[in-house]
Structures are given as structure tokens and as C-alpha cells.
Amino acid sequence: MRASPSSDFDWGLNLPDNPVSRRVAKNLKFQGPNPFVLAEINGPGCIRRFWITGNNIGRDVILRIYFDGASVPNVEAPLPDFFGVMHNLASPGKPYIINTPFIDVKPKNGLTCFFPMPFAKSARFEVVGSTENTNLYYMIDWHDYPNQELKEPMRFCARWRREAPV
């Protein structure tokens, strides 16, 4: 079993000293253009790990993550691309392996990211579906800092963009 990179590296974030580990784990079946909420987390906290697997996870399934009540998502990307699976290569039967301190992709074992994502007030994860039925099973692990203040000013941001020609 792989140890979390947060135990191996000092990411240089100014996080409170007494975290409480929390997890949300769910199975979600959805279809269509309406957003489906994966998790709404109250803060302060820091996302430590996001793992997801399922079927029909193509580029038409969009991940959005909002921090601290923002109206514009801090993260907006096709779900596989967020985890480093680019060019719509997340096809069944085609192994696409990534093993870095931040992203871990294994055939049949899902997509994992270890990006630390601090938030002061809230974090909301949602997906927007495609026309096909999509089934997701996911876990979001975070540190909760009850009765503590988050002094870290940075927030994780990732945007997927495509331009032609580039």
C-alpha cells in the first residue's frame, strides 16, 4: 500500500497543527447536464486525497471543485484529464499508468490525486454528466481543523483549456 505523499513531503502550507481525519465515500449513478454534488464539506480543512473509479468516465464528464463559497469553480476539467489521463485515453482494456507524488492511475484500481487543497470555509465537489449513464464510486479524504483557524492563503486551482491552433 502506498503511503500518502503528505506524510513524505512538507508541502510548505501553513496548516493548523491538530487535524482530524475525515472521509466521504459514496456510489453515484447519474446522467445528463445537471450538476451532481459529490461532497459538501465545511471547513476549515484540507483535502488530502481524492480517489475515483467507475464506468463511462470520459471527457464529457466534467469535475468542478469550489472552495470557500466561490461562484466560479477553482477546478474545472474533464474528470480523466484532472487525474492526468489525457487525450481521452481512459478506455477499457487500455492500461494508462501514472505514478507520481501527486497523481496515481492504475488499471482497474481507479484514479487518485494527492494534491493538498486547503479551504477556510467550505469545499464542494460536483460533476456534470454526459448523455450516457455514468457510475462513480469515490472517496474524498480530508483533514478537518475543528476550533482552529486556517491561515494558509493559497487555494488549489486547475483549469482545462483547449485551443486550436496551439
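Rules behind the numbers
Residues numbered from 1 in each chain as written. Predicted model: local features only at pLDDT ≥ 70, side-chain atom pairs only at ≥ 80, totals over all residues. Heavy atoms only, no water. Helix = DSSP H or I, 4+ residues; strand = E, 2+ residues; numbered from the N terminus. Core = buried A, V, L, I, M, F, W, Y, C linked by side-chain atoms within 4.5 Å. Buried < 20%, exposed > 50% of the residue type's maximum accessible area, 1.4 Å probe, protein only. Contact = heavy atoms within 4.5 Å. Pairing = 2+ DSSP bridges. pLDDT = per-residue confidence, 0-100.

### A look at unusual backbone geometry
If a residue is not glycine, its phi is most likely negative; likewise, a peptide bond is most likely trans.
Logical step 1: Residues Gly43 and Pro44 are joined by a peptide bond in cis, for which omega reads 10 degrees.
Logical step 2: Summarising the element assignment, Pro44 is placed in the loop between strand 2 (35-42) and strand 3 (45-55).
Logical step 3: One non-glycine residue, Asn147, adopts positive backbone phi at about 55 degrees.

### Quick word on the nonpolar core
Logical step 1: Grouped together as the largest cluster of nonpolar side chains are 36 residues, with contacts concentrated most on Leu38, Phe50, Leu63, Phe82, Met117, Leu136 and Ile140.
Logical step 2: The leading source of residues in this core is strand 11 (residues 134-144), at four residues.
Logical step 3: Those residues in contact with Met117 that lie beyond four places of it in its chain are Gly45, Cys46, Ile47, Ile65, Phe67, Phe82 and Phe156.

### Comments concerning the sheet that holds strand 10 (residues 122-128)
Logical step 1: Pairing within the open sheet is mixed, and its five strands lie in the order 2-10-4-5-12. The sheet terminates laterally at strand 2 and strand 12 (158-159), the two strands that pair on one side only.
Logical step 2: Here strand 5 (residues 75-78) pairs with strand 12 via two bridges, running parallel. Paired with Val75 across the strands is Ala158, a residue of strand 12.

### Focus on the confidence of the model for the protein chain
Logical step 1: Put simply, the protein chain has an average pLDDT of 87, and 89% of its residues get 70 or more.
Logical step 2: In this model, residues 1-8 is a region of pLDDT below 50 whose contacts with residues beyond four sequence positions or in other chains number twelve contacts.

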